[in-house]
Amino acid sequence: MTPTLVIVPGLGGSGPQHWQSLWETKFGGVRVVQDDWEHPTPASWTARLHEVIEATPGDLVLVAHSCGVPTVAHWAARTGGHARVRGALLVAPPDVDLPLPDFPAVAALAPQPLGPLPFPALVVSSETDPFVTLERAQAFAEAWEAEFITAGEAGHINTDSGHGDWPEGEILLSEALHAWTPPDISRF
């Protein structure tokens with residue numbers, strides 16, 4: 001059985017043209033829907049992620065973007081993970097410990113958890129992300145014991161940076177699924 005994608009959006013919930021929404025339509029899966037998309041807290045956002053994980057049967061792969069990434073890290077630190085979570089694709093993690101004047105709500109997710117994740121993960125960040133330096137994103141990946149790849153000069157890897165349809169991301173997802181699942185399991 002192919003793992004189910006659990007879409008973990010950031011602020012605003014990833015609109016209909018965001019690659020997360022397009023992947024949800026294309027590949028299926030479930031979306032974590034927060035009660036308040038503009039005011040994240042580790043407690044409320046991780047609780048909702050946990051609810052979705054508990055309610056979704058089978059093996060799972062978390063697909064997080066922006067503030068969804070520290071949500072996954074907080075959830076893993078709080079719960080120790082879940083046996084059915086086989087891996088995570090963590091895209092454009094913001095530096096929640098850095099003041100972001102245009103998005104002060106992001107600071108509510110500080111401090112960034114920096115312990116090893118209890119599942120394999122791939123962190124993807126851009127060399128031109130306005131919300132994190134490449135060096136800091138690499139440091140997150142190292143602390144999480146995750147693989148790291150740069151997306152080049154790709155901004156925040158969202159709709160505003162031209163990443164509605166993100167075919168390179170689909171390739172990364174496919175490679176990650178291949179690495180995280182036994183060879184007899186069907187993949188995307």
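The structure under discussion appears in the preceding block.
Residues numbered from 1 in each chain as written. Predicted model: local features only at pLDDT ≥ 70, side-chain atom pairs only at ≥ 80, totals over all residues. Heavy atoms only, no water.

## Some remarks on the overall build of the protein
Stage number 1. A count of helices and strands for the protein gives five helices and six strands.
Stage number 2. Ordered by position in the sequence, the α and β elements of the protein form the string β-α-β-α-β-α-β-β-α-β-α.
Stage number 3. Against the compact-globule benchmark of 16 Å for 188 residues, the protein has a radius of gyration of 15 Å, which places it among compact chains.
Stage number 4. Along the first, second and third principal axes, the C-alpha atoms of the protein reach 45 × 30 × 30 Å.
Stage number 5. Residue pairs in contact within the protein that sit at least 24 positions apart in sequence constitute 75% of those at least 6 positions apart.
Stage number 6. Counting every atom, the protein has about 8,300 Å² of accessible surface; 56% of that belongs to carbon and sulfur.
Stage number 7. Across the protein, 8 positive and 23 negative side-chain charges occur, with their mean positions spaced 10 Å apart. (Helix = DSSP H or I, 4+ residues; strand = E, 2+ residues; numbered from the N terminus. Rg over C-alpha atoms; globule rule 2.2 N^0.38 Å. Contact = heavy atoms within 4.5 Å. Areas by Shrake-Rupley, 256 points an atom, 1.4 Å probe, with all protein chains shown as cover. Lys, Arg positive; Asp, Glu negative; His and termini not counted. Charge placed at Lys NZ, Arg CZ, Asp CG, Glu CD.)

## Some details on the packing of aromatic side chains
The geometry of two aromatic rings is summed up by the distance between their centres and the angle between their planes.
Stage number 1. According to the stated counting rule, one finds eight aromatic pairs in the structure shown.
Stage number 2. Both rings, one in Trp 23 and one in Trp 166, keep their centres 5.9 Å apart while their planes meet at 5°; by these two values the pair is stacked. Taken together, the residues span a long stretch of sequence, with Trp 23 in helix α1 (residues 19-27) and Trp 166 in the loop between β6 (147-150) and α5 (167-180) at a distance of 143 residues.
Stage number 3. One aromatic cluster is present, formed by Trp 19, Trp 23, Phe 27 and Trp 166 through successive ring pairs. (Phe/Tyr/Trp six-rings, centres within 6.5 Å; stacked < 30°, edge-to-face > 60°.)

## A short note on the pairing of strand β4 (residues 85-91)
Every regular strand shows the same layout, with side chains that alternate between the two sheet faces.
Stage number 1. When you tally the buried positions in β4, you get six out of seven residues, the bulk of the element.
Stage number 2. One ladder, built from six bridges, connects strand β3 (residues 60-65) with β4; its direction is parallel. What sits directly across from Ala 64, in β4, is Leu 90.
Stage number 3. Following the backbone out of β3, through helix α3 (residues 68-79) and into the adjacent parallel β4, one traces a crossover that is right-handed.
Stage number 4. As paired strands, β4 and strand β5 (residues 121-125) are joined by four bridges and run parallel to one another. Note on β5: the bridge partner recorded for Val 91 is Val 124. (Buried < 20%, exposed > 50% of the residue type's maximum accessible area, 1.4 Å probe, protein only. Pairing = 2+ DSSP bridges. Right-handed = clockwise from strand over helix to strand, strands pointing away.)

## Here we look at unusual backbone geometry
Stage number 1. With omega at -5°, the peptide bond leading from Ala 110 into Pro 111 counts as cis.
Stage number 2. Tracing the backbone through its elements, the reader meets Pro 111 in the loop between β4 and β5.
Stage number 3. With phi around 55°, Ser 14 is a residue other than glycine that occupies positive phi space.
Stage number 4. Since its relative accessible area comes to 10%, Ser 14 is described here as buried.
Stage number 5. Positive phi, normally seen in glycine, also occurs at Ala 92, with a value near 55°.
Stage number 6. Assignment of secondary structure puts Ala 92 in the loop between β4 and β5.
Stage number 7. The buried category is assigned to Ala 92, whose relative accessible area is 0%.

## Brief notes about the environment of Pro 130
Stage number 1. Mapped onto the elements, Pro 130 comes out in the loop between β5 and α4 (134-143).
Stage number 2. The class of Pro 130 is exposed, set by a relative accessible area of 54%.
Stage number 3. Along the chain, Pro 130 and Asp 95 lie 35 residues apart, while their C-alpha atoms are 9.7 Å from each other.
Stage number 4. Here Pro 130 is in contact with Leu 100, Gly 155 and His 156, once residues within four sequence places are set aside.

## Observations concerning the environment of Ser 125
Stage number 1. Along the polypeptide, Ser 125 turns up in strand β5.
Stage number 2. Along the backbone, Ser 125 and Glu 175 are 50 residues apart, and their C-alpha atoms lie at a distance of 16 Å.

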